[in-house]
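Residues per chain are reported as follows:
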Amino acid sequence: MKKKTSVWVLLLAVAIVAAGCETGSKTGQPAQNKPKDSASAQVKGSGAAVATPEQQTASDGKNSTTPSSTGKPVETGGQASTGANIAKVRMDNITALRLIDGRSGWIGGNGWIARTDAAASGSVGSAWNVQYQGQGTVQQIFALNGEQAWAVMEDSGSLLATSDGGKRWEAVGTVPKQGQAGFLHFVSSKEGFSGNQYTKDGGQNWSSLPVPGHTVGQPYYHDRQNGWAVAQKTEGSIQILHTVNGGQNWTTVMSRTTEGPLNGVTIRSVERGNAWIELVGDTGMNQTSYSLWHTADRGQSWDIVLANSTAGGGPAPGVSQQDNQVPKNGGTAPGMLYAVNSSTALMGGYCAPCDKPNTIGWTHDGGKTWNNGKQGFDGYGNQQIGMANAKEGWAIFSDSEKAPIMYTTSDGGQHWTQSHVFDKPVTPNS
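Here the structure is a predicted model, which is why all the values come from computation and not from measurement.

Checked against the element boundaries, Trp-302 lands in the loop between strand 17 (287-295) and strand 18 (303-308). C-alpha separation for the pair Trp-302 and Ala-275, spaced 27 residues apart in sequence, amounts to 9.6 Å. The contacts of Trp-302, once residues within four sequence positions are left out, are Trp-228, Ile-240, Val-253, Met-254, Ala-275, Ile-277, Trp-293, His-294 and Thr-295. From its side chain, Trp-302 meets the backbone oxygen of Val-253 in a polar contact 3.4 Å long.

Structure below.
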């Protein structure tokens, strides 16, 4: 009788242990209790990803999976990825770059934002901390300083913001559709611009600023009063306009004739009264024609910085065929334009049929002279260029078949050194 009782006690103990094991994960980690309210899934501190209101619909876990053993990126349903649900991020297509200084900065891609701080890792760009995972592709990142930054998500225009260096990213508003293609920049923690859209509460609410008629591309407001725009009122004529009273009045500061269509405009104004304006013409045979203009005196005088006329794209906008003394940038199509100040600007070139499709040129004298870099770079995808100042900068080139590669310069673009290959998945908060 005693022997039978012992057997039943033993069987009961085994059953209790087995039941307890079922409450934990298969990996042996403690069970994660689901929050009653999805909003409570937001994580504060330690660089954790934060679920935005739009992403809370995935809180029931139906769209979530655990990390794969191959290290490939895993769907997380847009939730904060913490604990047993952390998904490794493969940085295979970098769509946004913004420097804080020569050693620190942010990058973004499809559903993630990451930061590097070389002071902690010992080498620029060698270690990245994934701070945010969610839905959508990061279109732009702008950093006011090392603590305050914003990110625009493509298509939705959702605006994310951080005020603690990226430890917490949260949705603060939506950039209106009219300004989503503009260049996002903030002049203070509250006041920002994107195209002709203006916010005075950190991106929660936006209002429209006036623009002239027949505008091509997005205008650029340097601040609340000073702005630039390009218009084409009649075929074959281009006007650059400037306002000093918040768009109430626009003055034509340059007018040029053009033989081809004006298909695109990029404007950068990093100092009041200063503007770098790229005019994009036609495209054909993997060639695109374009010109680059610069003023440092509110448009009273202009330097023709670049004139890339091509056989396939025709003449560069605003530049006559007879004017062959204007410098030409490398490549057969324009890359990314980055303006540092009234003296320094860099611009990428792109050549689709070339073995090394990417090049970078620069000017340090306001566009009076142009220098074409002698280096070529791999990558048939996105091209990202960012500068911390006139000397220190980064460039990242993506490719559909190869891992993106990051380069750094410390002499204003004359020489670039490979610093990191994004060939390994990164675990958030690692």
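Quick look at the packing of aromatic side chains now. Tallied over the full model, the rule gives 11 aromatic pairs. Taking 5.2 Å as the distance between ring centres and 35° as the angle between the ring planes, the aromatic pair formed by Phe-193 and Tyr-198 counts as tilted. The class of Tyr-198 is buried, set by a relative accessible area of 12%. A ring pair is formed by Phe-377 and Phe-397, whose centres lie 4.9 Å apart and whose planes are at 20°; its orientation type is stacked. Of this pair, Phe-377 sits in the loop between strand 22 (371-372) and strand 23 (383-387) while Phe-397 sits in strand 24 (residues 393-397), placing them 20 residues apart in sequence. There is no split in this pair, since Phe-377 and Phe-397 are both buried. Through a chain of ring-to-ring contacts, the aromatic side chains of Trp-128, Trp-394 and Phe-422 assemble into a single cluster. Of note, Arg-115 hangs over the ring of Trp-106, and the distance from its end group to the ring centre comes to 4.9 Å. One cation-aromatic arrangement involves Arg-224 over Tyr-198; the distance from NZ or CZ to the ring centre is 5.2 Å.

As a further point, take the state of the cysteines. Applying the stated criterion across every chain yields a total of 1 disulfide. Residue Cys-351 pairs covalently with Cys-354 via a disulfide, S to S 2.0 Å. One disulfide, between Cys-351 and Cys-354, carries an S-S torsion of 60° and so falls in the right-handed class. Since its relative accessible area comes to 7%, Cys-351 is described here as buried.

About the cut-offs
- Residues numbered from 1 in each chain as written.
- Predicted model: local features only at pLDDT ≥ 70, side-chain atom pairs only at ≥ 80, totals over all residues.
- Heavy atoms only, no water.
- Helix = DSSP H or I, 4+ residues; strand = E, 2+ residues; numbered from the N terminus.
- Contact = heavy atoms within 4.5 Å.
- Polar contact = N/O pair within 3.5 Å; in protein donor to acceptor, adjacent residues only side chain to side chain.
- Phe/Tyr/Trp six-rings, centres within 6.5 Å; stacked < 30°, edge-to-face > 60°.
- Buried < 20%, exposed > 50% of the residue type's maximum accessible area, 1.4 Å probe, protein only.
- Lys NZ or Arg CZ within 6 Å of the ring centre and 35° of its normal.
- Disulfide = S-S within 2.5 Å.

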